[in-house]
Amino acid sequence: MPADTRTAPAATLVPARRTASPWVLMYHSVAEFTDPAEDPYGITVTPAALEAQLLWLRSRGLRGVSVGELLRARAAGRAAGLVGLTFDDGYTDYLTRALPLLRRHDCTSTLFVLPGRLGVDNVWDPLGPRKSLLTAEGIREVAAAGQEIGSHGLLHQDLTATADDVLQQELRGSRELIRELTGTLPTGFCYPYGHLDARVVDATRAAGYGYACAIDPGRLAGLHALPRTHVSQADGAGRLRVKQLRHRVQELRRAVQR
């Protein structure tokens, strides 16, 4: 019987040969709002929009899974029909709004959390609105529900602007704190703001992470700089299809540049 890709060890993340990056979708907060001014950074989708987007994936024969699960399946040659789902920052509404929908549609995801900001809010967003972050118990509840917990660093800092000792604490310190919370060392990391450079990517790899998520990493794209597609409230079926095609075109361009 084939190994369960949800529980396969992190060592199996690397495919036998170099391939294009998988399609990974990037979410943040899932909450009700009506006025665009309530979402100045375009990082919130309503529960109804998220459900419609998950249904669109299903209608095209796709299923959303955590990045760890996706990469293990790719390494085993069994990733057809899988799309990565990620949620950055670790908002409380992931537990109350997103998780029930993921379960309803038989999806998993990766939640990137900030163990240095447990139970507070998104102070790094000057325009707001203030959104509460998960407590330690909330993170444990998400992990117990079968979702992957990854690190987003300690404090949501631009790692390219940090000194080496701070960078190590953000990478290694956050990883150890998550192990204390969940009992498991996280395999995945997500670069705050999507900012990265060669130094940060090398340090992330050296810190023991099996993969890392970016946004548009350019020539640094790879297992420790996975590109992702931002999903917004405005993304219905047509826009999602365009974004899927755009991802394929970008991967072809990266292949030419390698």
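Read on for an overview of the structure. (Residues numbered from 1 in each chain as written. Predicted model: local features only at pLDDT ≥ 70, side-chain atom pairs only at ≥ 80, totals over all residues. Heavy atoms only, no water.)

**Details of the side chain of Asp125**
Keep this limit in mind: Strands are runs of DSSP state E lasting at least 2 residues, helices are runs of H or I lasting at least 4, and numbering of each runs from the N terminus. We define a polar contact as two N or O atoms separated by no more than 3.5 Å, with the added condition that, inside protein, one atom must be a possible hydrogen donor and the other a possible acceptor, whereas residues neighbouring each other in sequence contribute only through side-chain atom pairs.
Along the chain, Asp125 falls in the loop between β6 (110-113) and α4 (136-144). Of the polar contacts made by the side chain of Asp125, one reaches the side chain of Trp124; its length is 3.3 Å.

**Observations concerning the pairing of strand β7 (residues 148-151)**
Heads up, the condition is: Each residue gets one of three labels from its accessible area relative to the maximum for its type: buried under 20%, exposed over 50%, partly exposed in between, using a 1.4 Å probe on protein chains only. We call two strands paired when DSSP finds no fewer than two bridges between them.
By the alternation rule, side chains of β7 split into Glu148 and Gly150 and Ile149 and Ser151, which are all buried. In this sheet, β7 lies alongside β6 in parallel orientation, the contact comprising four bridges. Bridge pairing in β7 links Leu111 to Ile149.

**Let's talk about helix α3 (residues 92-104)**
What counts here: An expected span of 1.5 Å times one less than the residue number is assigned to each helix. Bend is computed residue by residue as the angle between axes fitted to the seven residues ending at the residue and the seven residues starting at it.
Between its first and last C-alpha atoms α3 spans 19 Å; for 13 residues at 1.5 Å apiece the expected length is 18 Å, and the two agree. Residue Ala98 marks the point of greatest curvature in α3, where the axis turns by about 45°; the proline Pro100 follows within four residues. Every buried residue of α3 is listed here: Asp93, Tyr94, Leu95, Ala98, Leu99, Leu101 and Leu102.

**With respect to helix α2 (residues 67-75)**
The cut-off we apply is this: The contact criterion used throughout is that any non-hydrogen atoms of two residues lie within 4.5 Å.
In terms of burial, α2 is largely enclosed, as seven of its nine residues are buried. Within the span of α2, buried status applies to Val67, Gly68, Glu69, Leu70, Leu71, Arg72 and Ala73. Buried residues in α2 make contact with β1 (24-27), β4 (63-65), β5 (82-88), β6, β7 and β9 (211-213). Phi for Gly77, located one or two positions after α2, is positive at around 75°.

**A few points about the pattern of salt bridges**
Worth spelling out the cut-off: The term salt bridge refers to a side-chain nitrogen of Lys or Arg lying within 4 Å of a carboxyl oxygen of Asp or Glu.
Per the stated rule, a full pass over the model turns up eleven salt bridges. One salt bridge connects Asp164 with Arg199, and the closest N-O pair in it is separated by 2.5 Å. Placement of Asp164 in helix α5 (residues 164-182) and of Arg199 in helix α6 (residues 198-206) is noted, with a sequence separation of 35 residues between them. With relative accessibility at 51%, the residue Asp164 sits in the exposed group. Of the residues examined, Arg199 reaches a relative accessible area of 29% and is grouped as partly exposed. Connected via shared salt-bridge partners are Asp235, Arg239 and Lys243.

**What about the packing of helix α1 (residues 47-59) against α3?**
Basically, it comes down to this: In this description, a line fitted to the C-alpha atoms serves as the axis of each element, helices being fitted only across the stretch in contact, and the angle between N-to-C directions of two axes falls anywhere from 0 to 180 degrees. Here is the rule for angles: anything less than 35 degrees is roughly parallel, anything more than 145 is roughly antiparallel, 65 through 115 is roughly perpendicular, and the remaining ranges are oblique. Handedness of a crossing follows from how the near helix is turned relative to the far one, being left-handed for an anticlockwise turn of less than a right angle and right-handed for a clockwise one.
Viewed as axis vectors pointing N to C, α1 and α3 meet at an angle of 25°, and their least axial separation amounts to 10 Å. Taken together, α1 and α3 sit at an angle that is classed as roughly parallel. The two elements α1 and α3 cross, and the hand of that crossing is right-handed. Where α1 abuts α3, its residues Pro47, Leu50, Glu51 and Leu54 lie against Arg97, Ala98, Leu101, Leu102 and Arg104.

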